[in-house]
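Notes for the structure review
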Amino acid sequence: MKRVSHLRTTIRGLAILLALAAAAAAAPALAEPRRSAVEDCAACHGLDGIARDTEVPHLAGQNERYLFNQMMAFRTGKRVHKEMRYMARHMSVEEIAALAAYYAALPPR
Ligand code: HEC
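The text that follows walks through the structure, step by step, so that each part is easy to find. (Residues numbered from 1 in each chain as written. Predicted model: local features only at pLDDT ≥ 70, side-chain atom pairs only at ≥ 80, totals over all residues. Heavy atoms only, no water.)

Below, the discussion takes up the overall build of the chain. Tallying secondary structure elements over the chain gives five helices and zero strands in all. Along the chain, helices and strands appear, N-terminal first, in the series α-α-α-α-α. Counting over 109 residues, the chain shows a buried share of 27%. Of the accessible surface of the chain, which amounts to about 8200 Å², a share of 62% is contributed by carbon and sulfur atoms. (Helix = DSSP H or I, 4+ residues; strand = E, 2+ residues; numbered from the N terminus. Buried < 20%, exposed > 50% of the residue type's maximum accessible area, 1.4 Å probe, protein only. Areas by Shrake-Rupley, 256 points an atom, 1.4 Å probe, with all protein chains shown as cover.)

Here it is as structure tokens:
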């Protein structure tokens, strides 16, 4: 009988481990920005965060907090720019945070 209960404990332990592993695997996906959002930005800022147009700033490798603050400033209109205001107004704060983290993690030019 002792053996059986030991086996049960092991199985329960494995089930918990599997559940934790599944949760860990699912978690980073939530922090990533929508693919379509990144594609929208890519038109001007480049898919790699390196802008091809001299009028557009590079985002790759920029400080995450700075990127977040600038997008929030475009959103409120504190930093005035027509296109960026339009882009930022259609993003949630979570999405802005995810985009800031995404571009900050890309290698700078
Ligand atoms: C139509 C072109 C265009 C699109 C699309 C666009 N941007 Fe921009 N973005 C610009 C321009 C131009 C600037 C510079 C604004 C200025 O001169 O103040 C800018 C500035 C920024 C800045 C500030 C950078 C800095 O160095 O201060 C951030 C952050 C940014 N954009 C993020 C994004 C994100 C994220 C997206 C996608 C959701 C996006 N942009 C889409 C044109 C665009």
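This part covers the coordination of the iron atom of the ligand. Distances from the iron atom of the ligand to its protein donors, His 45 (NE2) and Met 84 (SD), fall at 1.9 to 2.1 Å. In this structure, the iron atom of the ligand is coordinated by six donor atoms arranged in octahedral fashion, with angles at the metal of 84 to 179°. On the criterion of sequence distance, the pair formed by His 45 in helix α2 (residues 35-45) and Met 84 in helix α4 (residues 82-89) is long-range, its members being 39 residues apart. The class for His 45 is buried, based on a relative accessible area of 9%. (Donors = N, O, S within 2.8 Å, 3.2 Å for Na, K, Ca; no water. Tetrahedral: all angles 85-135°; square planar, octahedral: opposite > 155°, others 65-115°.)

Within the structure, the ligand sits among 20 residues, and Cys 41, Cys 44, His 45, Tyr 66 and Met 84 are positioned closest to it. Separating a nitrogen atom of the ligand from a side-chain N or O atom of His 45 is a distance of 2.8 Å. Of all the secondary-structure elements, those providing two or more residues to the shell around the ligand are α2, α3 (64-76) and α4. Residues that form the shell around the ligand fall into these classes: 13 nonpolar, three polar and four charged. (Near = heavy atom within 4 Å. Polar contact = N/O pair within 3.5 Å; in protein donor to acceptor, adjacent residues only side chain to side chain. Nonpolar A, V, L, I, M, F, W, Y, C, P; charged D, E, K, R; others polar.)

Before going further, it helps to spend a moment on the packing of aromatic side chains. Counted according to the given criterion, the structure contains one aromatic pair. Geometrically, the ring pair formed by Tyr 102 and Tyr 103 is edge-to-face, given 5.0 Å between the ring centres and 80° between the ring planes. (Phe/Tyr/Trp six-rings, centres within 6.5 Å; stacked < 30°, edge-to-face > 60°.)

Along an α-helix, residues three or four apart share an orientation, since each turn contains 3.6 residues. In a regular helix each residue adds 1.5 Å, so 13 residues correspond to 18 Å; α3 covers 19 Å between its end C-alpha atoms and thus fits that length. Taken together, the buried positions of α3 are occupied by Leu 67, Phe 68, Gln 70, Met 71, Ala 73 and Phe 74. Those residues of α3 that are buried are in contact with α4 and α5 (93-105). The backbone nitrogen of Arg 65 lies 2.9 Å from a side-chain oxygen of the residue at the head of α3, namely Asn 63. Looking at the residues trailing α3, positive phi occurs at Gly 77, about 90°. (Expected span 1.5 Å × (residues − 1). Contact = heavy atoms within 4.5 Å.)

For the rest of this paragraph, the subject is the side chain of Glu 95. Within the secondary structure, Glu 95 sits in helix α5. A distance of 2.5 Å separates a polar atom in the side chain of Glu 95 from a polar atom in the side chain of Arg 34. In this structure, Glu 95 is in contact with Arg 34, Ala 37 and His 90, ignoring residues within four places of it in sequence.

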